[in-house]
Amino acid sequence: AAGVIQSPRHLIKEKRETATLKCYPIPRHDTVYWYQQGPGQDPQFLISFYEKMQSDKGSIPDRFSAQQFSDYHSELNMSSLELGDSALYFCASSEDRGGDSPLHFGNGTRLTVT
Amino acid sequence: DQQVKQNSPSLSVQEGRISILNCDYTNSMFDYFLWYKKYPAEGPTFLISISSIKDKNEDGRFTVFLNKSAKHLSLHIVPSQPGDSAVYFCAATPGGGSEKLVFGKGTKLTVNP
């Protein structure tokens, strides 16, 4: 079965650079979520989109922005990168925002800021 | 403030025995609970969930129990297999959808052959 696809798997950037992470949800899933997982930490919710509109916002820095496109894929844009942004970034999708529908996660993008 | 707590960072079990992973929560608004399993270098994989209107949900070797009055849930795996070795995350949401999943810090399960 098709899963959530994230690209790239690994990304190395320098401080103050910009990074773009991409996420392709499971077909027919209309809701996308972004999570950040630091070393030894639990995943922290960043932001979510439903039908291309931002639906909820968590602990996402102002330096980060995201959007969902007409084909439902989403991109997380990170600017002025800091060392503390080094983390695993997971994207997840679900098919039913209004109901009890589990999130399905991609394999993540490991961002390293040097 | 950790709203979902997994107090055991690790658990070691013999193959064939029962694994019991525990999770406590503090937010009484949570009404949908999920367990995810995570292997290194992979994303969390959905395992099983339970709504607050139930106290038990079973799927094969996996059973989740919910005690709302105690704000406690547990995941039972029986019989445990070496392939079950992974980090297990408990997660919760206020319901009405799966937004803002709040995760525990995870329990690393090791099933020994």
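A. How the structure looks around the interface of chain B and chain A. Facing the 22 residues of chain B at the interface are 24 residues of chain A. With both sides pooled, the region where chain B packs onto chain A buries about 1,800 Å², and carbon together with sulfur makes up 51% of that total. In this assembly, chain B and chain A are joined by one salt bridge. A salt bridge links aspartate 42 of chain A to lysine 105 of chain B, with the nearest nitrogen and oxygen atoms 3.0 Å apart. Those elements giving two or more residues to the side of chain B that touches chain A turn out to be β4 (32-38) and β5 (45-51) of chain B. The leading source of residues in the side of chain B that touches chain A is β4 of chain B, at four residues. Partitioning the side of chain B that touches chain A into residue classes produces nine nonpolar, eight polar and five charged.

B. How the structure looks around the nonpolar core. In this structure, Phe33, Trp35, Leu73, Leu75 and Tyr88 of chain B are the most contacted members of the largest nonpolar core, which totals 23 residues. Taken together, the elements giving at least two residues each to this core come down to β3 (19-25), β4, β5, β7 (62-67), β8 (72-77), β9 (86-93) and β11 (107-112) of chain B. The dominant element in this core, judged by the number of residues it contributes, is β9 of chain B, at four residues. The residues contacting leucine 75 of chain B, other than those within four sequence positions of it, are Ser19, Ile20, Leu21, Trp35, Leu47, Ile48, Phe62, Thr63 and Tyr88 of chain B. The next biggest cluster of nonpolar side chains, apart from the first, holds 22 residues, and it includes Trp34, Leu81, Cys91 and Leu111 of chain A.

C. Region of the structure containing the sheet that holds strand β7 (residues 64-68) of chain A. Residues and elements named next belong to chain A. Taken in spatial order, the four strands of this open sheet run β1-β3-β8-β7, and their pairing is antiparallel. The sheet terminates laterally at β1 (5-7) and β7, the two strands that pair on one side only. Averaged over all neighbouring strand pairs, the angle between strand axes comes to 15°, with direction disregarded. Alignment of β1 against strand β3 (residues 19-24), held across three bridges, turns out to be antiparallel. Bridged to serine 7 within β3 is lysine 22.

D. Molecular detail of the packing of aromatic side chains. Scanning all chains against the criterion turns up 12 aromatic pairs over all chains. When the centroid spacing of 5.6 Å and the interplanar angle of 65° are considered together, the rings of tyrosine 35 of chain A and phenylalanine 45 of chain A count as edge-to-face. Note that tyrosine 35 of chain A is positioned in strand β4 (residues 31-37) and phenylalanine 45 of chain A in strand β5 (residues 44-50), a separation of 10 residues in sequence. Relative accessible area serves as the criterion here: at 0%, tyrosine 35 of chain A is assigned to the buried category. You can call phenylalanine 45 of chain A buried: its relative accessible area is 7%. Both rings, one in tyrosine 35 of chain A and one in phenylalanine 103 of chain B, keep their centres 5.7 Å apart while their planes meet at 90°; by these two values the pair is edge-to-face. Taken together, the positions of tyrosine 35 of chain A in strand β4 and phenylalanine 103 of chain B in strand β10 (residues 102-103) put the pair across two chains. Of the residues examined, phenylalanine 103 of chain B reaches a relative accessible area of 1% and is grouped as buried.

E. Structural detail: the environment of tryptophan 35 of chain B. Residue placement: tryptophan 35 of chain B occurs in strand β4. With 71 residues separating them along the chain, tryptophan 35 of chain B and glycine 106 of chain B place their C-alpha atoms 9.9 Å apart.

F. How the structure looks around the pairing of strand β8 (residues 74-78) of chain A. Residues and elements named next belong to chain A. For β8, the buried fraction is high: four of the five residues fall into the buried class. Bridge analysis of β3 against β8 gives five bridges, and the strand direction is antiparallel. Its bridge partner lying in β8, lysine 22 is registered against glutamate 75. As judged from the five bridges shared by β7 and β8, these two strands associate in the antiparallel manner. Bridge pairing links phenylalanine 64 to methionine 78 in β8. Counting the residues between successive antiparallel strands, the hairpin from β7 to β8 contains five residues, one of them, tyrosine 72, with a positive phi of roughly 75°.

Definitions and limits used
- Residues numbered from 1 in each chain as written.
- Chains lettered and ligands numbered in written order.
- Predicted model: local features only at pLDDT ≥ 70, side-chain atom pairs only at ≥ 80, totals over all residues.
- Heavy atoms only, no water.
- Contact = heavy atoms within 4.5 Å.
- Buried area = accessible area lost by both parts, 1.4 Å probe.
- Salt bridge = Lys/Arg side-chain N within 4 Å of Asp/Glu carboxyl O.
- Helix = DSSP H or I, 4+ residues; strand = E, 2+ residues; numbered from the N terminus.
- Nonpolar A, V, L, I, M, F, W, Y, C, P; charged D, E, K, R; others polar.
- Core = buried A, V, L, I, M, F, W, Y, C linked by side-chain atoms within 4.5 Å.
- Buried < 20%, exposed > 50% of the residue type's maximum accessible area, 1.4 Å probe, protein only.
- Pairing = 2+ DSSP bridges.
- Axes fitted to C-alpha atoms, helices over the stretch in contact; angles between N-to-C directions.
- Phe/Tyr/Trp six-rings, centres within 6.5 Å; stacked < 30°, edge-to-face > 60°.

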